[in-house]
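One-letter residues, chain by chain:
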Amino acid sequence: MENRFVFKGLSSFLETFHDDNSCRKFLEYLLWEGKPICPYCEHRKKIYAFKNLKTFKCSDCKRNFTVTVGTIFHSSNIPIKKWFIAMYLLSSHKTGISSYQIAKHLEIAQPNAWYMLHKIRKVMAGSDQFKDMLQGIIEADETYVGGKNKNRHWDKKFKYSQGRSIVDKTPVFGILQRGGKVIVWTLDSLNGSNMRRLIRLNVEQGSIICTDEYKAYKGLNKYFEHGIIDHSRGRHKEGIYHTNNIEGFWNFIKREIMGTYRKVNKDYLNRYAREAAYRYNTRKLSDKDRFIGLLKESLCVKITRKHI
Ligand SMILES: [Zn+2]
């Protein structure tokens, strides 16, 4: 990392990225290692720089471009500096940050802050953090999230009880590698064959799966060593077989969604769940490295208003 981009906490972060130009230079460093590449034709030999320090012209395809072409910052009316601050705050706050708070910090309108945060969340949801196969001891579990405040209930036992309304709640399914990463999905329903399929697609052969006695997990022993904890009989741990870590992670999501976001639209729940999972998966990184990782991923995805 070049000396001019060194920062530790929010204070030095704000000094390092004090204007649009310093942010652009950092993006140019991350994306091109300082040597511009045409985003349209990938030409890199003869690129002319304009005097404004941000626009370049490709000598091959003759098009003008800046470093933000093809990134989430492209054609945004919000200065990049504000995007950087939003990304830093969202990725470093343990339980997320609301669009109302971001709007106040950045002195922008709340709908704009909401839109920015959703763009960033979309980057988090599609992150490489969820692309590795899990291996070793894996805990699989499910819970219900969302709903109106008065109906909110985190007791997963209601999956066994008939007649209790889960109409406004969304099932979230997750697999967690002990000591490693977690992957979560929101589902339309707790469909056993879909849940088992997600496990098989995302867990290495030879791994050990720990679940509770819920029927959706039946049959996993054909593919994995399967340890079942019978919660209905008051058991929570049998040797290495338990689901304590993923249950802890559900509490983590609960703090984020109920504490910070309060009202979560069902259509966006997957993003909020993945936001929490993104933070969990990068928990061993410093705030700085987590921010840079997120920034790098945001350079590779094009997200427009229609994707939100
Ligand atoms: Zn070109």
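Quick caveat, the model's predicted, so the values are computed rather than measured. (Residues numbered from 1 in each chain as written. Predicted model: local features only at pLDDT ≥ 70, side-chain atom pairs only at ≥ 80, totals over all residues. Heavy atoms only, no water.)

## Comments concerning the overall build of the protein
Working step 1: The secondary structure content of the protein amounts to nine helices and ten strands.
Working step 2: Along the first, second and third principal axes, the C-alpha atoms of the protein reach 70 × 45 × 35 Å.
Working step 3: Burial analysis of the protein (308 residues in total) assigns 50% to the buried set.
Working step 4: For the protein, the proportion of contacts with a sequence separation of at least 24, taken over those separated by at least 6, is 61%.
Working step 5: Accessible area of the protein: about 15900 Å², with a carbon and sulfur share of 49%.
Working step 6: Charge-centre separation for the protein: the mean point of 56 positive side chains lies 5 Å from the mean point of 30 negative side chains. (Helix = DSSP H or I, 4+ residues; strand = E, 2+ residues; numbered from the N terminus. Buried < 20%, exposed > 50% of the residue type's maximum accessible area, 1.4 Å probe, protein only. Contact = heavy atoms within 4.5 Å. Areas by Shrake-Rupley, 256 points an atom, 1.4 Å probe, with all protein chains shown as cover. Lys, Arg positive; Asp, Glu negative; His and termini not counted. Charge placed at Lys NZ, Arg CZ, Asp CG, Glu CD.)

## Observations concerning the coordination of the zinc ion
Working step 1: Looking at the zinc ion, the protein donor atoms are Cys38 (SG), Cys41 (SG), Cys58 (SG) and Cys61 (SG), and they sit 2.3 to 2.4 Å from it.
Working step 2: Of note is the zinc ion, whose four donor atoms meet at the metal with angles of 103 to 119 degrees in an arrangement that counts as tetrahedral.
Working step 3: Each donor residue of the zinc ion belongs to the same chain, and together they define the spacing C-x2-C-x16-C-x2-C. One end of the pair, Cys38, is in the loop between helix H2 (20-32) and strand S1 (47-49); the other, Cys58, is in strand S2 (residues 56-58), with 20 residues separating them in the sequence. For the pair Cys38 and Cys58, one class covers both residues: buried. (Donors = N, O, S within 2.8 Å, 3.2 Å for Na, K, Ca; no water. Tetrahedral: all angles 85-135°; square planar, octahedral: opposite > 155°, others 65-115°.)

## Examining the packing of H2 against helix H3 (residues 80-92)
When two helices pack together, you describe them by how their axes are tilted relative to each other and by the distance separating the axes.
Working step 1: At a closest axis distance of 8 Å, the pairing of H2 and H3 adopts a crossing angle of 65 degrees. Considering the angle they form, H2 stands roughly perpendicular to H3. Judged by residue contacts, Asp20, Cys23, Arg24, Phe26 and Leu27 of H2 engage Ile80, Lys81 and Phe84 from H3.
Working step 2: For the contact of H2 with H3, the class distribution of residues is five nonpolar, no polar and three charged. (Axes fitted to C-alpha atoms, helices over the stretch in contact; angles between N-to-C directions. Parallel < 35°, antiparallel > 145°, perpendicular 65-115°, else oblique. Nonpolar A, V, L, I, M, F, W, Y, C, P; charged D, E, K, R; others polar.)

## Comments concerning the sheet that holds strand S7 (residues 208-212)
Working step 1: Judged by pairing direction, the sheet is mixed, and its five strands sit side by side in the order S6-S5-S4-S7-S8 without closing on themselves. Every other strand in the sheet has two partners, leaving strand S6 (182-186) and strand S8 (225-229) as the edge strands with one partner each. Ignoring strand direction, the axes of neighbouring strands in this sheet form an average angle of 20 degrees.
Working step 2: Bridging between strand S4 (residues 137-145) and S7 involves three bridges; their strand directions are parallel. (Pairing = 2+ DSSP bridges.)

## Considering the packing of aromatic side chains
Working step 1: By the definition in use, this model includes 25 aromatic pairs.
Working step 2: Look at Phe173 and Trp185: their rings are 5.9 Å apart centre to centre, the planes differ by 20 degrees, and that puts the pair in the stacked class. On the criterion of sequence distance, the pair formed by Phe173 in strand S5 (residues 170-177) and Trp185 in strand S6 is long-range, its members being twelve residues apart. Here Phe173 matches Trp185 in class, with each residue buried.
Working step 3: Among the aromatic side chains, those forming a connected cluster through ring pairs are Phe7, Phe13, Phe17, Phe26, Tyr29, Phe73, Trp83, Phe84, Tyr88 and Phe291.
Working step 4: Sitting over the ring of Tyr280, Arg283 keeps its end group 4.1 Å from the ring centre. (Phe/Tyr/Trp six-rings, centres within 6.5 Å; stacked < 30°, edge-to-face > 60°. Lys NZ or Arg CZ within 6 Å of the ring centre and 35° of its normal.)

## Here's the deal with unusual backbone geometry
Working step 1: The backbone phi angle of Leu53 is positive, close to 70 degrees, even though this residue is not glycine.
Working step 2: Mapped onto the elements, Leu53 comes out in the loop between S1 and S2.
Working step 3: Owing to a relative accessible area of 47%, Leu53 belongs among the partly exposed residues under this scheme.
Working step 4: The backbone phi angle of Lys62 is positive, close to 65 degrees, even though this residue is not glycine.
Working step 5: By the element assignment, Lys62 lies in the loop between S2 and strand S3 (64-65).
Working step 6: Note on Lys62: relative accessible area 54%, which makes it exposed.

## What to know about helix H6 (residues 192-202)
Working step 1: Residues of H6 that are buried: Gly192, Met195, Leu198, Ile199 and Asn202. End-on, the buried residues of H6 take up no more than an arc of 130 degrees, which puts them together on one face. (Arc of directions from axis to C-beta.)

## Some details on the environment of Met87
Working step 1: Relative to the helices and strands, Met87 resides in helix H3.
Working step 2: Met87 has contacts with Phe73, Ile120, Phe291, Leu294, Leu295 and Ser298, leaving out every residue within four places of it along the chain.

## Observations regarding helix H4 (residues 99-106)
Working step 1: Turning to H4, its buried residues are Ser99, Ile102, Ala103 and Leu106. Buried positions in H4, seen along its axis, are confined to an arc of 100 degrees and lie on one side of it. Facing away from the buried surface of H4 by more than 90 degrees, the exposed residues are Tyr100 and Lys104.
Working step 2: Considering only its buried residues, H4 is in contact with H3 and helix H5 (110-125).
Working step 3: Looking at the residues trailing H4, positive phi occurs at Glu107, about 55 degrees.

## Points about the environment of Asn281
Working step 1: Relative to the elements of secondary structure, Asn281 occurs in helix H8 (residues 269-281).
Working step 2: On the accessibility criterion, Asn281 (10% relative accessible area) is buried.
Working step 3: Within the structure, the side chain of Asn281 is placed 3.5 Å from the backbone oxygen of Gln129, a separation counted as a polar contact. (Polar contact = N/O pair within 3.5 Å; in protein donor to acceptor, adjacent residues only side chain to side chain.)

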